[in-house]
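# Report on the structure
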Amino acid sequence: IVWCFFIVIWSVVFVQLYSHKFWHCDFTGMNATWQRYVQEEVGLTKQHHSWLSWKRAHVSSDGNSTGALFWTRKNCTDYGGTWVNRESNFDNLGQAFLTLFHMSTMEDWVSVMRYATDVVGIDKHPIEDFAFETGFIASSFYILTIILSSNLFVSAFIQSFDQTRAEIEGWR
């Protein structure tokens with residue numbers, strides 16, 4: 001119960017920070033001419049498996065675009081792309097709980113942290129390492145979850161050991 005409560009609290013935090021921000025443009029349905037234009041003229045490149053990311057050179061250290069506009073949902077659909085959400089996301093409390101539960105099992109937590117560091121905003125395509133500092137939030141969740149899980153496991157183990165010892169001493 002304590003662990004679930006811990007996950008729910010973090011779910012609220014992650015929904016506030018990342019709700020509707022893990023969406024991205026999927027260009028698999030786009031014809032070759034538009035794909036070439038997007039890669040050469042706009043500055044999007046194929047990275048991180050099946051999604052596209054801005055070249056880091058187009059973004060200055062203060063986060064402002066330096067020569068390229070942010071790729072938005074409208075740009076995506078105008079050029080024949082599909083605006084899709086990631087399987088692991090924080091759009092609502094239920095999905096956030098499932099994503100954080102999945103992360104707490106040490107499965108795919110690095111991918112979710114990468115998605116978090118690439119977040120630009122709602123209806124804006126991710127930019128690689130755009131919000132690098134937000135990776136610390138995902139990392140802190142991961143570390144605290146491991147510490148809490150370990151403490152709960154050890155305390156349950158010690159309690160079970162104490163009960164067994166008390167039963168054995170009671171039989172003597």
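What you see is a predicted model; the values in this text were computed from it and never measured.

### Regarding the overall build of the chain
Check the secondary structure of the chain and you find 6 helices and 4 strands. Secondary structure elements in the chain, listed N-terminal to C-terminal, are α-β-α-β-β-α-β-α-α-α. Each of the 172 residues in the chain was classed as buried or not, and the buried ones make up 36%. When contacts within the chain are restricted to residue pairs at least 6 apart in sequence, long-range pairs at least 24 apart make up 67% of them. Per element, the accessible surface of the chain, about 10,300 Å² overall, is 61% carbon and sulfur.

### So, the confidence of the model for the chain
Per-residue pLDDT for the chain has a mean of 77; in total, 80% of the residues score no lower than 70. Every residue in residues 47-61 scores below 50 in pLDDT, and together they form 59 contacts with partners more than four places removed in sequence or on other chains. Predicted confidence is poor over residues 63-68, with pLDDT under 50, and the contacts of this stretch with residues over four places away or in other chains come to 14 contacts.

### Considering the nonpolar core
Here is a general trend for soluble globular proteins: nonpolar side chains tend to be buried in one another's company. One finds F14, Y18, F22, F90, L100, M103 and F141 to be the most contacted residues of the largest nonpolar core, which totals 21 residues. Elements supplying a minimum of two residues to this core: α1 (2-18), α4 (93-104), α5 (109-117) and α6 (135-171). Ranked by residue count, the leading element in this core is α1, at 7 residues. The contact partners of Y18, leaving out residues within four places of it in the chain, are F90, D91, A116, V119, T134 and I137. Among the nonpolar cores identified, the runner-up in size contains 6 residues, and F27, M30, W71 and C76 belong to it.

### A closer look at the packing of aromatic side chains
Tallying each qualifying case throughout the model produces 11 aromatic pairs. Between Y18 and F22 the ring centres are 5.6 Å apart and the planes differ by 55°, which places this aromatic pair in the tilted class. Taken as a pair, Y18 and F22 share a single burial class, namely buried. Considering the side-chain rings of Y18 and F90, the 5.9 Å spacing of their centres and the 40° angle between planes classify their relative orientation as tilted. With a gap of 72 residues between them, Y18 in helix α1 and F90 in the loop between β4 (82-84) and α4 connect regions that are remote in the sequence. One aromatic cluster in this structure is built from F6, W10, F14, Y18, F22, F90, Y115 and F141. In this structure, R73 packs its charged tip against the face of W23, placed 5.7 Å from the ring centre. If you follow R86 out to its NZ or CZ, it ends over the ring of Y115, 4.1 Å from the centre.

### Things to note about unusual backbone geometry
Residue H20 is not a glycine yet carries a positive backbone phi of 60°. Note that H20 resides in the loop between α1 and β1 (24-26). Judged by its relative accessible area of 38%, H20 falls in the partly exposed class.

Scoring rules and cut-offs
Residues numbered from 1 in each chain as written. Predicted model: local features only at pLDDT ≥ 70, side-chain atom pairs only at ≥ 80, totals over all residues. Heavy atoms only, no water. Helix = DSSP H or I, 4+ residues; strand = E, 2+ residues; numbered from the N terminus. Buried < 20%, exposed > 50% of the residue type's maximum accessible area, 1.4 Å probe, protein only. Contact = heavy atoms within 4.5 Å. Areas by Shrake-Rupley, 256 points an atom, 1.4 Å probe, with all protein chains shown as cover. pLDDT = per-residue confidence, 0-100. Core = buried A, V, L, I, M, F, W, Y, C linked by side-chain atoms within 4.5 Å. Phe/Tyr/Trp six-rings, centres within 6.5 Å; stacked < 30°, edge-to-face > 60°. Lys NZ or Arg CZ within 6 Å of the ring centre and 35° of its normal.

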